[in-house]
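Each chain is listed here by its residues.
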Amino acid sequence: MLTLAGVNDENLIELSKQSGAKIALRGDTLTISGPGDSVNRAAPIAKRMIDTARQQMTLTADDVLRMSIDTPRDGGGAEDLQRIVLPGIKRVITPKTSGQGEYLKLISENDIVVGIGPAGTGKTYLAVAAAVDALSRKRVRRIVLARPAVEAGESLGFLPGDLQAKVDPYLRPLYDALEDMMPPERVQKALETRTIEIAPLAYMRGRTLADAFVILDEAQNATNAQMKMFLTRLGVNSKTVITGDKTQIDLPKREDSGLVQIERILPGIDGIGFHYLNESDVVRHRLVREIIKAYAEDAGN
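No experiment lies behind these values; they were computed from the predicted model shown.

Parameters and conventions
- Residues numbered from 1 in each chain as written.
- Predicted model: local features only at pLDDT ≥ 70, side-chain atom pairs only at ≥ 80, totals over all residues.
- Heavy atoms only, no water.
- Salt bridge = Lys/Arg side-chain N within 4 Å of Asp/Glu carboxyl O.
- Helix = DSSP H or I, 4+ residues; strand = E, 2+ residues; numbered from the N terminus.
- Buried < 20%, exposed > 50% of the residue type's maximum accessible area, 1.4 Å probe, protein only.
- Pairing = 2+ DSSP bridges.
- Core = buried A, V, L, I, M, F, W, Y, C linked by side-chain atoms within 4.5 Å.
- Contact = heavy atoms within 4.5 Å.
- Polar contact = N/O pair within 3.5 Å; in protein donor to acceptor, adjacent residues only side chain to side chain.
- Axes fitted to C-alpha atoms, helices over the stretch in contact; angles between N-to-C directions.
- Left-handed = near helix turned anticlockwise from the far one by under 90°.
- Nonpolar A, V, L, I, M, F, W, Y, C, P; charged D, E, K, R; others polar.

**Student:** What exactly am I supposed to notice about the pattern of salt bridges here?
**Tutor:** Pairing of side chains with opposite charge becomes possible as their charged atoms draw close. For the coordinates displayed, the defined rule picks out ten salt bridges. Between D51 and K47 there is a salt bridge, with the nearest N and O atoms lying 3.4 Å from each other. Of this pair, D51 and K47 are both found in helix α3 (residues 36-54), four residues apart, which corresponds to roughly one turn of the helix. Owing to a relative accessible area of 15%, D51 belongs among the buried residues under this scheme. For K47, a relative accessible area of 42% puts it in the partly exposed group. Of the charged contacts in the structure, one is a salt bridge between E197 and R207, with a shortest N-O distance of 2.8 Å.

Here it is, written out as structure tokens:
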């Protein structure tokens, strides 16, 4: 009940604010009252809030706001969203928007999935969750996580340390997502036995990745040649997820981006799915959503 209501009832207040209905929580009974359209707006949001609380997941006013502006794109509801159970940490990963749910569904149904969208939409996080799930269910024998090591206005050569120390900052987001999905000791052991490999994209050349769940993150910074090289690494019983944000291309020329190229030439191939996330799928601070929207509007002017 505390999770559902939030600190100082902030979740219930947000639900009332977004729907126009009066919300009351007495014991284990949630009551929604008011004009018919307000009640109709509040009911499905309240159901998603209850589902989230029952999964023992965090629920904040930001989550309630996101639920209120997120309209399922295929007519489904919260009950249709994919869920990933991670037994090692006794945790359930549940998409927080219908767009994220469709993204996970696409990953389960295709050998190659390209997830495109702005920062904070869970592109990488959900892909890593799907990879850990596949590994724990023994559907694959290993996980390979790759990222292009491209300077975003900074010089890689001036970073201190050896080659590994120089590229580690580029790979840190992958380590962070992984460590959120598995017990630390299991992550360390998997890295030592190479059951999980995290490496710069350039290290993939000449390899065949079979029985693997492969993720290419920040794919907008892979060149056309690198992207072709990466896609042709795919071996038997492997699944690939490519994630990227076309608004954050750090290559000298936008047309050199492999993500932009495959978006143009690969749609329509059976077994390859494209999914687009947008600002309504942002699961970070609510201001991130507004910032992304402001930049998009400025680019259109």
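Moving on from the coordinates now.
**Student:** What is the right way to read the pairing of strand β5 (residues 112-116) from this model?
**Tutor:** Of all the five residues making up β5, five are buried; the element is thus mostly covered by neighbouring parts of the structure. Pairing of β5 with strand β9 (residues 239-244), which is carried by five bridges, proceeds in the parallel orientation. Each bridged residue has a counterpart across the sheet, and for G115 the counterpart in β9 is T243. Across five bridges, the pairing between β5 and strand β10 (residues 272-276) is parallel. Each bridged residue has a counterpart across the sheet, and for I116 the counterpart in β10 is Y276.

**Student:** Explanation requested: the nonpolar core in the structure shown.
**Tutor:** Soluble globular proteins tend to pack their nonpolar side chains together in the buried interior. Within the largest apolar cluster, 35 residues are counted, with the highest numbers of intra-cluster contacts made by L178 and F213. Breaking this core down by element, the ones donating at least two residues are β3 (84-86), α5 (98-109), α6 (123-136), β6 (142-147), α7 (163-181), α8 (184-192), β7 (196-200) and β8 (212-216). Counting residues per element, this core draws most heavily on α6, at nine residues. Residues within four places of L178 in sequence aside, it is in contact with V128, V132, L145, V187, I196 and I198.

**Student:** Looking at this model, I keep getting lost on the environment of N237. Mind explaining?
**Tutor:** Along the chain, the position of N237 falls in the loop between α9 (224-231) and β9. Dropping the residues within four chain positions of it, N237 is found in contact with R139, V140, D211 and A212. In terms of polar contacts, N237 uses its side chain to reach the backbone carbonyl oxygen of R139, at 3.2 Å.

**Student:** When you look at the packing of α9 against helix α10 (residues 258-265) in this model, what are you seeing that I'm missing?
**Tutor:** Between two packed helices, what matters for the description is the angle formed by their axes and the separation of those axes. Put simply, α9 and α10 touch, their axes get as near as 8 Å, and they point 65 degrees apart. In this structure, α9 meets α10 at a crossing whose hand is right-handed. Facing α9, whose interface residues are N224, M227 and L231, α10 presents G258, L259, Q261 and I262. Residues of the contact of α9 with α10, tallied by class, amount to four nonpolar, three polar and no charged.

Distances and angles like these do not, on their own, reveal function.
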